[in-house]
Amino acid sequence: VAGNAEKEFLGQMLLCREGDRREGILLRQGRGWINFPALGHETLMVLAGSLSATDLLFPYFRDRPLMLSRGMSHLQLARDFFATSSSSSAGRNWNLQNGNRASGLFSVATPTGAQCLPAVGAAWGIKLRGEQRLVLCTIGDAATREGEFYEAVCFAVQLALPIVFLVEDNGYGISTLTRDMLPLRFPVFDSSIVTRVDGRDAQELSRAGAEIFSSVRGGAGPRILWVELDRIGSHSNADDHRVYRTPEDLDQMVKQDPVERLARRLVEAGEMTREELEAMRQEAAKRIADVYQQAAGEPGPDPSRVMEQLYAPEAPPPQPPPLRPDGEPATLAGSINRVLRASLEQDPRVLLFGQDVEDPKGGVFKLTRGLSSQFPGRVVNAPLAEATIVGAAIGLASAGFKPVIEIQFVDFLNVAFNQLASQVSTLRWRTNGDWTCPMVIYAPYGAYTRGGGLWHSQSNEGWWAHLPGIRVAVPSTPEDAAGLFWAAIQGDDPSLILVPKRLLFERREAPEYAAVPFGRAAIRRTGTDVTVVAWGNCVQLACSAADQLAGEGRSVEVIDLRSLVPCDWATVEDSLRKTGRLVVVQEDSVTCSFGQAVISAMTTEPHRFDLFLAQPRLVSRPDVHIPVHPDLAAAVLPDVERVVEAILSTLR
Ligand SMILES: Cc1ncc(C[n+]2csc(CCOP(=O)(O)OP(=O)(O)O)c2C)c(N)n1
Ligand SMILES: [Mg+2]
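Residues numbered from 1 in each chain as written. Chains lettered and ligands numbered in written order. Predicted model: local features only at pLDDT ≥ 70, side-chain atom pairs only at ≥ 80, totals over all residues. Heavy atoms only, no water.

Topic: the sheet that holds strand 2 (residues 135–140)
Here is step 1 of the chain: The sheet built from 5 strands is open, its strands ordered 1-2-3-7-6 with parallel pairing. Each edge of the open sheet is held by one strand with a lone partner, namely strand 1 (56–58) and strand 6 (194–198). Neighbour to neighbour, the strand axes of the sheet diverge by 20 degrees on average, direction disregarded.
Here is step 2 of the chain: As paired elements, strand 6 and strand 7 (residues 223–228) share 5 bridges and run parallel to each other. Bridged to Arg196 within strand 7 is Trp226.
Here is step 3 of the chain: Packed onto the sheet, helix 6 (residues 202–217) meets strand 2, strand 3 (163–169), strand 6 and strand 7 and runs at close to 170 degrees relative to strand 7. (Pairing = 2+ DSSP bridges. Helix = DSSP H or I, 4+ residues; strand = E, 2+ residues; numbered from the N terminus. Axes fitted to C-alpha atoms, helices over the stretch in contact; angles between N-to-C directions. Contact = heavy atoms within 4.5 Å.)

Structure (structure tokens):
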């Protein structure tokens, strides 16, 4: 980069630095929320020269320079700083964490390293489409110790994905020296994919970036660009690095500050005069001050809109093609297989990903049998890595796919909890709808089977229902399974469908399948004395109890919620209006469960509380894990007898 181009580059770096300086001043005045100074990281702006407009950047929180160089404006960063109504997140998220879809910038989730798996998912989507784009995923040096980083590199190497992991190695994770912790130094990675560069030298960085991006774009597989630079500022405005760094160390950093070094060099080489440099600084300061002043004067976010963009706007799903098997009783497993096949046939964006889903196994419960043979390349075995499965699905969704992922048993969805809770659940809301996460996660779940024990019988829907932004359903019939899967795949939200294992192969007469919109309960028995609310396995317990009590002249209404989030409170309320009595049955444990949520929803609103003629009851597993021996399992799981007893108690 010579002459004018270098001057222009210096100008960009000065503007970037001025943004940090301005935010620091404002924060000391008690304005704005947070700043992670990028002082010393500005040279990374040079990489933009080798990126194309359609490349995707999955940044982390110290990437002001890259965000600016990828097209985010200073004004937008200023709005984000004040979290105004026109900030990227409409005031919901920290500044420097907001992406911008139009600029190909993914939104940052604060848990360090959480961007890596979505980034490889996007790179996979790009490769599947045969596009020439690449993904640049940045990460701090300390964060390379997060497990998700290793999973991401591994998946990228496995599939030779077009992705560059840019490690911004400033030697510190807050106050902790990473020198002896950095996996790149051990080394853990094959040296052929790692390129180490002195990031204080923009020319060297530019050369390395151009070579690496071109190789990755050409299909040579992923690379790690390990850039050593200095974090000249403290970790954030809440940190003071003088507490843990020596004055000599700080002096040394300032001496080798790449921005000032370039400025000195240009003056010494006669490319610009001292006066010109001074004018450039003043111009930067003025421009940034103006921009922050403008943003400061803009209205703050509107509290009445805080619930918006948690979910996609509701739209009735289109009807599925005819799916019911002719002349034979249906099973839940068969209906899932049929709806998956129909979805793959109908929508080229659908991609099925999960452990053992390919033929000849076709899934450990055979839910995907025959599909990989019919749709090669679109039904793909996943590595034994649930965070990779969910994380990659986020990236696929961001690249325009409709991922449908199988988690072999719900018990192992916990491994992907970070991706689910930090990314899937928050993405749409935190970007005010700019980025979305349409995907379907399904998992066999629940007990009442032989010998499932601790990790093959969990019914933990309360955990998942607690995450705003994810829709949760638990079908109990073949037609509902087909209808809910269909609706979920047509929708624009992340949906989690928990499929009771015990019901998978039960043969039942089923009506023709129709789409089942989320948030619509089904009434399985009509009655006037007591309302019983259940879902999944417990619907049958409730129906058996209702049938038994019908013989004794008791009229019990059974509501199968089908979908927990959103929940059909209106149907429960309408039933209560008739009965005045409520029993909720669940196999989950008590504390913070969905059963408690149902009772709370019905008793904490005065107009509903007034409907009660008796105390509501919860029939539930107590707060204990599921044991393996059937005698112990029977001791903790709800059964018909307990449901009958609870119903009668509300009538006494
Ligand atoms: C999962 C997680 N753990 C802890 C934190 C708190 N935290 C924020 S930044 C940080 C250090 C990051 O260091 P590094 O990755 O080197 O990036 P740098 O700040 O140096 O740019 C920590 C521990 C977090 N955000 N996420
Ligand atoms: Mg660091």
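Things to note about the pairing of strand 13 (residues 494–500)
Here is step 1 of the chain: For strand 13, the buried fraction is high: 7 of the 7 residues fall into the buried class.
Here is step 2 of the chain: Alternating positions in strand 13 separate into two faces, Pro494, Leu496, Leu498 and Pro500 on one and Ser495, Ile497 and Val499 on the other, with burial throughout.
Here is step 3 of the chain: As judged from the 7 bridges shared by strand 11 (residues 439–445) and strand 13, these two strands associate in the parallel manner. Bridging from a neighbouring strand, Val440 pairs with Ser495 of strand 13.
Here is step 4 of the chain: Following the backbone out of strand 12 (residues 471–473), through helix 16 (residues 478–490) and into the adjacent parallel strand 13, one traces a crossover that is right-handed. (Buried < 20%, exposed > 50% of the residue type's maximum accessible area, 1.4 Å probe, protein only. Right-handed = clockwise from strand over helix to strand, strands pointing away.)

Comments concerning the sheet that holds strand 13
Here is step 1 of the chain: Strands sit in the order 9-8-10-11-13-12-17 across an open sheet of 7 strands; the sheet is mixed. This sheet does not close on itself; its edge strands, each paired only once, are strand 9 (379–381) and strand 17 (563–565). On average, adjacent strands in this sheet sit at an angle of 20 degrees to one another, irrespective of strand direction.
Here is step 2 of the chain: In terms of strand pairing, strand 10 (residues 402–406) meets strand 11 through 3 bridges, oriented parallel.

Concerning the site of ligand 1
Here is step 1 of the chain: Every one of the 16 residues lining ligand 1 counts as a neighbour, but Tyr60, Arg62, Asp141, Ala142 and Tyr172 are closest to it.
Here is step 2 of the chain: Interatomic distance of 2.7 Å between a side-chain N/O atom of Arg62 and an oxygen atom of ligand 1.
Here is step 3 of the chain: Take Asn170: an N or O atom from its side chain is 2.9 Å from an oxygen atom of ligand 1. (Near = heavy atom within 4 Å. Polar contact = N/O pair within 3.5 Å; in protein donor to acceptor, adjacent residues only side chain to side chain.)

Here we look at the pairing of strand 7
The two faces of a sheet get side chains in turn, since along a regular strand they alternate between them.
Here is step 1 of the chain: When you tally the buried positions in strand 7, you get 6 out of 6 residues, the bulk of the element.
Here is step 2 of the chain: Going residue by residue along strand 7, you find Arg223, Leu225 and Val227 tucked away on one face and Ile224, Trp226 and Glu228 tucked away on the opposite face as well.
Here is step 3 of the chain: By the bridge criterion, 6 bridges tie strand 3 to strand 7 in an arrangement that is parallel. Residue pairing for strand 7: Phe165 is matched across the bridge by Ile224.
Here is step 4 of the chain: In this fold, the crossover linking strand 6 to strand 7 by way of helix 6 has right-handed handedness.

A look at the pattern of salt bridges
Here is step 1 of the chain: Scanning all chains against the criterion turns up 39 salt bridges.
Here is step 2 of the chain: Two residues, Arg185 and Asp169, come together in a salt bridge whose shortest N-O distance is 3.5 Å. Of this pair, Arg185 sits in the loop between strand 5 (176–177) and strand 6 while Asp169 sits in strand 3; the two residues are 16 residues apart in sequence, bridging distant segments of the chain.
Here is step 3 of the chain: Residue Asp492 is joined to Arg428 by a salt bridge in which the shortest nitrogen-to-oxygen separation is 3.2 Å. With Asp492 in the loop between helix 16 and strand 13 and Arg428 in helix 14 (residues 427–430), this pair connects stretches of sequence that are 64 residues apart.
Here is step 4 of the chain: For Arg428, a relative accessible area of 11% corresponds to the buried category.
Here is step 5 of the chain: A single salt-bridge network, built from bridges that share partners, covers Asp169, Arg185, Arg196 and Glu228. (Salt bridge = Lys/Arg side-chain N within 4 Å of Asp/Glu carboxyl O.)

Focus: the coordination of the magnesium ion (ligand 2)
Here is step 1 of the chain: Protein coordination at the magnesium ion (ligand 2) comes from Asp141 (OD), Asn170 (OD1) and Tyr172 (O), with a distance range of 2.0 to 2.1 Å.
Here is step 2 of the chain: Going along the chain, you hit the donors of the magnesium ion (ligand 2) in the pattern D-x28-N-x1-Y. With Asp141 in the loop between strand 2 and helix 5 (147–158) and Asn170 in the loop between strand 3 and strand 4 (172–173), this residue pair connects regions lying 29 residues apart in the sequence. Take Asp141 and Asn170: they sit in the same class, and that class is buried. (Donors = N, O, S within 2.8 Å, 3.2 Å for Na, K, Ca; no water.)

Considerations on the packing of helix 4 (residues 116–128) against helix 5
Here is step 1 of the chain: Direction vectors running N to C along helix 4 and helix 5 enclose 15 degrees, while the axes themselves pass 8 Å from each other. With respect to their mutual orientation, helix 4 and helix 5 come out roughly parallel. In this structure, helix 4 crosses over helix 5, and the sense of that crossing is left-handed. From helix 4, Cys116, Leu117, Val120 and Trp124 reach across to helix 5, where they touch Glu148, Phe149, Glu151, Ala152, Phe155 and Ala156.
Here is step 2 of the chain: Residue composition of the contact of helix 4 with helix 5, by class: 8 nonpolar, no polar and 2 charged. (Parallel < 35°, antiparallel > 145°, perpendicular 65-115°, else oblique. Left-handed = near helix turned anticlockwise from the far one by under 90°. Nonpolar A, V, L, I, M, F, W, Y, C, P; charged D, E, K, R; others polar.)

A few points about the packing of aromatic side chains
Here is step 1 of the chain: Tallied over the full model, the rule gives 24 aromatic pairs.
Here is step 2 of the chain: Look at Tyr60 and Phe61: their rings are 4.9 Å apart centre to centre, the planes differ by 70 degrees, and that puts the pair in the edge-to-face class. Across the pair, exposure class does not vary: Tyr60 and Phe61 are buried alike.
Here is step 3 of the chain: One aromatic cluster is present, formed by Phe36, Tyr60, Phe61 and Trp94 through successive ring pairs.
Here is step 4 of the chain: One Lys or Arg, Arg129, reaches over the ring of Phe401 and ends 4.2 Å from the middle of that ring.
Here is step 5 of the chain: Lying across the ring of Phe518, Arg471 places its NZ or CZ 4.2 Å from the centre. (Phe/Tyr/Trp six-rings, centres within 6.5 Å; stacked < 30°, edge-to-face > 60°. Lys NZ or Arg CZ within 6 Å of the ring centre and 35° of its normal.)

What about unusual backbone geometry?
Here is step 1 of the chain: In the segment running from Phe186 into Pro187, the intervening peptide bond is cis, with an omega of -10 degrees.
Here is step 2 of the chain: Along the polypeptide, Pro187 turns up in the loop between strand 5 and strand 6.
Here is step 3 of the chain: Geometrically, the link from Asp359 to Pro360 is a cis peptide bond, its omega value of 10 degrees lying close to zero.
Here is step 4 of the chain: Tracing the backbone through its elements, the reader meets Pro360 in the loop between strand 8 (350–354) and helix 11 (371–374).
Here is step 5 of the chain: For Asp356, which is not glycine, the phi torsion reads 65 degrees and is therefore positive.
Here is step 6 of the chain: Within the secondary structure, Asp356 sits in the loop between strand 8 and helix 11.
Here is step 7 of the chain: With a relative accessible area of 33%, Asp356 lands in the partly exposed category.
Here is step 8 of the chain: Notably, Cys592 is not glycine yet its phi reads approximately 65 degrees, a positive angle.
Here is step 9 of the chain: Tracing the backbone through its elements, the reader meets Cys592 in the loop between strand 18 (582–589) and helix 19 (594–603).

Concerning the nonpolar core
Here is step 1 of the chain: Residues Ile163, Phe165, Ile224, Phe353, Leu413, Trp535 and Leu561 are the most contacted members of the largest nonpolar core, which totals 85 residues.
Here is step 2 of the chain: Top contributing element to this core by residue count: helix 4, with 8 residues.
Here is step 3 of the chain: In this structure Phe165 touches Cys116, Val120, Cys137, Phe149, Ala152, Val153, Ala156, Arg223, Ile224 and Leu225, once residues within four positions along its chain are discounted.
Here is step 4 of the chain: One finds Leu14, Leu15, Leu26 and Val267 within the second-largest nonpolar core, a separate group that totals 52 residues. (Core = buried A, V, L, I, M, F, W, Y, C linked by side-chain atoms within 4.5 Å.)

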